[in-house]
Amino acid sequence: MKIAILTSGILPVPAVQGGAVENLVDFYLEYNDQHHLHDITVYSIWHPDVEQHLACKSKVNHYHYIKMNSVWAKLKKRFFKKTHHEGYYHYTIEYFLHEALRHIRQQDYDIIILENRPGYALRLKEATNARLVYHLHNEKLTSAVPQCRAIYEAADGIITVSDYIKSCVLTVNTDDTKTTSVYNGINLDAFSQSATPPARNTLGLGDQDFVLIYSGRINEEKGIMQLIEAIRLLKNYPAIKLLVIGSSFFGNTTNENGFIKKLKDLAEPLGDRIIFTGFVPYNKMPDYLSMADAAVIPSVWDDPFPTTVLEAQAMGLPIISTRRGGIPEEVTAESAILLTTDYYFVKNLAQAILDLYHHPEKRQAMSQAALNRSKLFGKERYAQEFFEALTHIERTSV
């Protein structure tokens, strides 16, 4: 098939600036490059680091870049804003789509994949005869979304990252037959117990410390404040340490926002019990995870299918997380402790931490269960199932 991929218009592909969605796109493009399944063109914003990237040398994957931050592009965006007033998304996203459409109209694609931007379909359906497939990573198509019915009807197929996101689509049409779930995957070779951890003392940690790790974006919905409050309840257990890895938005470590400052103020009385590392490059994450005794992913929102859970699981870490979104689909009762985000959440979070702290045999059993479960979430399985879903859509859609 001849396939186009419309990315989010925010971060580049290849994922030289990170981004969960962009990394997942890289995974199935890598699989396509290895197996020569389809002719694929990726529409992405430009970034200087993509120019020498090995992925751009593929013979089956092609990259069409749109400059968004040059002087000329900024002038064009300003003019676009003045002349287009009815876009579905912010004008910068609509400008990206506008520029991509200039090229798409000249092509003859079989399928166009909309990466987490189902609203693109409102313009695409008038510009192409290609089948439109939405790859939904978040709650982007629910009954509460503007023009949800028109967007749903424009889709020939919908691939969701979890059954939870599929259930959101069902609020638009309870008789839906377009949607299938394909679970995310990760690089199991990178996230493995063979990673070499930095010496704990480089971060002020001792060999006898019980180290918890939180990794991900630092914002309210991720539950990091509740986690720090739980550590405060454990003030009489000085060996329990928390490593907080991440920043407010991908690689942004220079502009510390008010929420991060509030977290650090909350953690200050605990001294070196809580360590903020800031942003850590994705390729270094296995090394940091290998320093930990357990991972805590305390999401207080309906996290669709966080790869941080998969990564911790693949490293053999016992997991403490929540019954939100797609998280229960990622783990088992043997590999994770799942908590309800109710009034007692902080207290129960502290108790779950103590439970693992006092029971090394339980940690060992959970670690083995996590390793066993992780084998289901390799990037190759993910890419294979993704392309199988596309083939099914192509064969069955009218």
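Just above, that's the structure.
Please read all numbers here as calculations on a predicted model, not as lab measurements.

Here we take up helix 6 (residues 163-170). Buried within helix 6 are the following residues: Tyr164, Ile165, Cys168 and Val169. An end-on view of helix 6 places all buried positions within 150° of arc, on one side of the element. Residues of helix 6 that are buried in the fold lie against strand 5 (131-136), helix 5 (148-154), strand 6 (157-160), strand 7 (179-181) and helix 11 (327-330).

As a further point, take the nonpolar core. One finds Leu6, Ile112 and Tyr134 to be the most contacted residues of the largest nonpolar core, which totals 71 residues. With seven residues, helix 3 (residues 91-104) is the largest single contributor of residues to this core. Sequence-distant contacts of Leu6, defined by excluding residues within four places in its chain, comprise Tyr43, Phe96, Leu97, Ala100, Ile104, Ile112, Ile113, Leu114, Glu115, Tyr120 and Leu124. With 35 residues, the next largest nonpolar core counts Ile224, Leu234, Leu354 and Leu356 among its residues.

Turning next to a nonpolar patch on the surface. Nonpolar side chains collect at one region of the surface, where Val71, Trp72 and Leu75 lie side by side and expose about 370 Å² of accessible area between them. Within the element layout of this structure, Trp72 appears in helix 2 (residues 71-83). The class for Trp72 is exposed, based on a relative accessible area of 60%.

Counted under the stated rule, the structure contains 17 aromatic pairs. On the basis of an interplanar angle of 75° and a centroid distance of 5.8 Å, the ring pair of Phe80 and Tyr95 is categorised as edge-to-face. Taken as a pair, Phe80 in helix 2 and Tyr95 in helix 3 lie far apart in primary sequence, 15 residues in all. Residue Phe80 is classed as buried on the basis of its relative accessible area of 5%. Ring centres 5.0 Å apart and planes at 85° place the aromatic pair Tyr88 and Tyr89 in the edge-to-face group. Taken together, Tyr28, Tyr31, Tyr382, Phe386 and Phe387 form an aromatic cluster joined through their ring pairs.

Turning to unusual backbone geometry, a few remarks are in order. Omega for the peptide link from Val13 to Pro14 comes to 0°, which places this bond in the cis form. With respect to the helices and strands, Pro14 occurs in the loop between strand 1 (2-6) and helix 1 (20-35). In the Ramachandran plot, Asn116 falls in the positive-phi region, its phi being about 65° despite a non-glycine side chain. Summarising the element assignment, Asn116 is placed in the loop between strand 4 (111-115) and helix 4 (121-124). Positive phi is not limited to glycine here, since Gln147 has a value of about 60°. Note on placement: Gln147 falls in the loop between strand 5 and helix 5.

What follows deals with the sheet that holds strand 11 (residues 294-296). The strand order across the open sheet built from six strands is 10-9-8-11-12-13, with neighbouring strands paired in parallel fashion. The sheet is open, and its two borders are formed by strand 10 (274-278) and strand 13 (336-339), each paired with just one other strand. Averaged over all neighbouring strand pairs, the angle between strand axes comes to 25°, with direction disregarded. Inspection of the sheet shows strand 9 (residues 240-245) paired to strand 10 by four bridges, in the parallel sense. For Leu242, the partnering residue across the bridge sits in strand 10 and is Ile274. Helix 12 (residues 345-358) contacts strand 8 (210-215), strand 9, strand 11, strand 12 (319-322) and strand 13 of the sheet and is inclined by roughly 165° relative to strand 13.

We now examine the pattern of salt bridges. One pass over the full model with this rule turns up 12 salt bridges. Across the pair Glu99 and Lys76 runs a salt bridge whose closest N-O atoms are separated by 3.5 Å. Linking Glu99 in helix 3 with Lys76 in helix 2, this pair joins segments that are 23 residues apart in sequence. Residue classification places Glu99 among the buried residues on the basis of a relative accessible area of 13%.

Another point: the packing of helix 7 (residues 224-233) against helix 12. Packing of helix 7 against helix 12 brings their axes to within 8 Å, and their N-to-C directions diverge by 60°. The angle between helix 7 and helix 12 places the two elements in the oblique class. For the crossing formed where helix 7 meets helix 12, the hand is right-handed. Contact residues: Gln226, Leu227, Glu229, Ala230, Ile231 and Leu233 in helix 7; Phe345, Val346, Lys347, Leu349, Ala350 and Ile353 in helix 12. Residue composition of the contact of helix 7 with helix 12, grouped by class: nine nonpolar, one polar and two charged.

A word on the environment of His98. Of note, His98 is situated in helix 3. When the C-alpha positions of His98 and Val21 are compared, they lie 21 Å apart, and in sequence the two are 77 residues distant. Discounting chain neighbours no more than four positions away, the residues touching His98 are Phe80 and Arg123.

So, how was this worked out
Residues numbered from 1 in each chain as written. Predicted model: local features only at pLDDT ≥ 70, side-chain atom pairs only at ≥ 80, totals over all residues. Heavy atoms only, no water. Buried < 20%, exposed > 50% of the residue type's maximum accessible area, 1.4 Å probe, protein only. Helix = DSSP H or I, 4+ residues; strand = E, 2+ residues; numbered from the N terminus. Arc of directions from axis to C-beta. Contact = heavy atoms within 4.5 Å. Core = buried A, V, L, I, M, F, W, Y, C linked by side-chain atoms within 4.5 Å. Patch = residues over 30% accessible without salt bridge, like charges linked within 9 Å, V, L, I, M, F, W, Y side chains within 5 Å. Areas by Shrake-Rupley, 256 points an atom, 1.4 Å probe, with all protein chains shown as cover. Salt bridge = Lys/Arg side-chain N within 4 Å of Asp/Glu carboxyl O. Phe/Tyr/Trp six-rings, centres within 6.5 Å; stacked < 30°, edge-to-face > 60°. Pairing = 2+ DSSP bridges. Axes fitted to C-alpha atoms, helices over the stretch in contact; angles between N-to-C directions. Parallel < 35°, antiparallel > 145°, perpendicular 65-115°, else oblique. Left-handed = near helix turned anticlockwise from the far one by under 90°. Nonpolar A, V, L, I, M, F, W, Y, C, P; charged D, E, K, R; others polar.

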